[in-house]
There are 2 protein chains.
Amino acid sequence: MADFVAPLQDLVDQFRRLPGIGGKTAVRLAFSVMEFTDEEAAAFATAILRAKKDIHLCECCCNISTENLCDICADEARDHSVICVVEDAKAVLALERVHDYRGTYHVLGGALSPMNGVGPERLHIRELLSRLSDTTVQEVIVATNPTVEGEATAMYLSRLLKPMNITVSRLAYGIPVGGDLEYADEVTLHRALEGRRPI
Amino acid sequence: MADFVAPLQDLVDQFRRLPGIGGKTAVRLAFSVMEFTDEEAAAFATAILRAKKDIHLCECCCNISTENLCDICADEARDHSVICVVEDAKAVLALERVHDYRGTYHVLGGALSPMNGVGPERLHIRELLSRLSDTTVQEVIVATNPTVEGEATAMYLSRLLKPMNITVSRLAYGIPVGGDLEYADEVTLHRALEGRRPI
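Residues numbered from 1 in each chain as written. Chains lettered and ligands numbered in written order. Predicted model: local features only at pLDDT ≥ 70, side-chain atom pairs only at ≥ 80, totals over all residues. Heavy atoms only, no water.

1. What about the state of the cysteines?
Residues and elements named next belong to chain A.
Right, on to step 1. Here the structure, examined in full by the defined rule, presents zero disulfides over all chains.
Right, on to step 2. There is no disulfide at Cys62, and the cysteine sulfur nearest it, in Cys61, is 6.7 Å away.
Right, on to step 3. Look at Cys62 and you get buried, because its relative accessible area is 6%. (Disulfide = S-S within 2.5 Å. Buried < 20%, exposed > 50% of the residue type's maximum accessible area, 1.4 Å probe, protein only.)

Here's what the structure looks like:
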């Protein structure tokens, strides 16, 4: 007996396929599932299947949605002249939590990363361009992550969109609120100085 | 939109119920499931349901098993006169990896922990006693973990079994092989000295 009994080993192997879950954690999770009631296990299994079956991308902004159009794109009260371009659905959720932004979003589904073979054709950039040609969009806020890939994507988009006579902006860089100058890295401090504003 | 769309939020909530999985990890795992193919998602869901449905406890040793008797209890070639008492199925697997032990096991399903309301009646001790009355068991090796709970359980078992004229032994304590005396804790060193053997 080198392994657990087959059904348990199977479950361990399934957990191991998830990102950031190693062998020991997979065993711990599989054992905890065995302690579920039948109803709990069924609910877990159903949630996995439903997440795959019921969720697809919004036809307009490529955000995850259960309908053809996501709640935000379908909302007439939102300002459809502003599009905030983000890398993934998690960023949409983060921005929505602020309750400040009333425009729409466009989810790229990642960032340019030639090293990993992610070129513009792998992102939802074509869908963004078709939105820009159809509607009366006035501003595109590029809110990709402040990483090398996110920066490259922002640069690529700004070059692509500038000729279309659309305002292209980028989220402000600077020291995070509640942060301490002492612990801020040099690049962030440099950007904070560069982006200083009169008070 | 405070949450993700319902099917995704559902899956996030399911992952959060697993031990050691916090909010951010649950979101990461749920998103990775969404990137599964349909077949992969189905395999994951099936593995969960099968682990619940097909696995039960061995009638004899209370280890996890797909049959009435687990492979070890059903194996005629094993020495049924020795029983190694462990806390859980993971310990059985660890001991089996050594390929040294040819006896059988008994899985308690935990350790005594009055603080958490785990008394002797919550462990598979009754099943152990019935095995001892039926068969010609000569030795019980208590291999509960070297924790406070494991020690208490070992003490309880030894008091219970000694009057039955059965040899009760405990795994040796000492410095782990490959370890460094410098980093060994005092209690372990004390036990290592106490358990010294002539060479």
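From this point, the narrative continues.
2. A word on the interface of chain A and chain B
Right, on to step 1. Listed as interface residues are 49 residues of chain A and, on the opposing side, 49 residues of chain B.
Right, on to step 2. A buried area of about 4,800 Å², summed over both sides, lies between chain A and chain B, and 76% of it is on carbon and sulfur atoms.
Right, on to step 3. Counting across the chain A and chain B interface gives six salt bridges.
Right, on to step 4. A salt bridge links Arg17(A) to Glu40(B); the nearest nitrogen and oxygen atoms lie 2.7 Å apart.
Right, on to step 5. At the junction of chain A with chain B, the criterion picks out ten residue pairs in polar contact (both at pLDDT 80 or more).
Right, on to step 6. Of all the elements, helix H3 (residues 38-54) of chain A adds the most residues to the side of chain A that touches chain B, at 14 residues.
Right, on to step 7. Grouping the amino acids of the side of chain A that touches chain B by side-chain chemistry returns 32 nonpolar, six polar and eleven charged. (Contact = heavy atoms within 4.5 Å. Buried area = accessible area lost by both parts, 1.4 Å probe. Salt bridge = Lys/Arg side-chain N within 4 Å of Asp/Glu carboxyl O. Polar contact = N/O pair within 3.5 Å; in protein donor to acceptor, adjacent residues only side chain to side chain. Helix = DSSP H or I, 4+ residues; strand = E, 2+ residues; numbered from the N terminus. Nonpolar A, V, L, I, M, F, W, Y, C, P; charged D, E, K, R; others polar.)

3. With respect to the sheet that holds strand S5 (residues 139-142) of chain A
Backbone-to-backbone hydrogen bonds pair the strands of a sheet. The strands run either parallel or antiparallel.
Residue and element names in this part refer to chain A.
Right, on to step 1. Pairing is parallel in the open sheet, where four strands are placed in the order S4-S3-S5-S6. Unpaired on one side and paired on the other, strand S4 (103-107) and strand S6 (167-170) mark the two borders of the sheet. Each adjacent strand pair in this sheet contributes to an overall mean axis angle of 25°, direction not counted.
Right, on to step 2. Against the sheet, helix H5 (residues 89-96) touches strand S3 (79-86) and S4, its axis set at about 160° to S4.
Right, on to step 3. Across the sheet, helix H6 (residues 125-134) is in contact with S3, S4 and S5; its angle to S4 comes to roughly 150°. (Pairing = 2+ DSSP bridges. Axes fitted to C-alpha atoms, helices over the stretch in contact; angles between N-to-C directions.)

4. Re a nonpolar patch on the surface
All names here are of chain B.
Right, on to step 1. Taken together, the side chains of Ile175, Leu181 and Leu189 present a nonpolar region at the surface, about 250 Å² in accessible area.
Right, on to step 2. Examined against the element boundaries, Ile175 turns out to sit in the loop between strand S6 (167-170) and helix H8 (186-194).
Right, on to step 3. On the basis of relative accessible area, Ile175 is assigned to the partly exposed category, the value being 42%. (Patch = residues over 30% accessible without salt bridge, like charges linked within 9 Å, V, L, I, M, F, W, Y side chains within 5 Å. Areas by Shrake-Rupley, 256 points an atom, 1.4 Å probe, with all protein chains shown as cover.)

5. Quick notes on the sheet that holds strand S5 (residues 139-142) of chain B
Residue and element names in this part refer to chain B.
Right, on to step 1. Strand order in this open sheet of four strands is S4-S3-S5-S6, and the pairing throughout is parallel. With one partner strand each, in any of the chains shown, strand S4 (103-107) and S6 form the two edges of the open sheet. Across this sheet, the average inter-strand angle for adjacent strands is 25°, counted without regard to direction.
Right, on to step 2. Two elements, S5 and S6, share four bridges in a ladder whose sense is parallel. Residue Glu139 lies in a different strand from S6, and its bridge partner there is Thr167.
Right, on to step 3. Together, strand S3 (79-86) and S4 form the strand contacts of helix H5 (residues 89-96), whose direction differs from that of S4 by roughly 160°.
Right, on to step 4. Helix H6 (residues 125-134) rests against S3, S4 and S5 of the sheet, and its axis sits at about 150° to S4.

6. A few points about the relation of the copies chain A and chain B
Right, on to step 1. Each copy of the sequence occupies a distinct position, and chain A is placed on chain B by a rotation of 180° and an axial shift of 0.1 Å, giving an RMSD of 0.1 Å. Here the symmetry operator amounts to a two-fold rotation axis. Among all C-alpha atoms of chain A, that of Ala45(A) lies closest to the rotation axis, at 2.2 Å.
Right, on to step 2. When the interface residues of chain A are mapped onto chain B, 100% of them are again interface residues, pointing to one common binding face. (Least-squares fit on C-alpha atoms with pLDDT ≥ 70 in both.)

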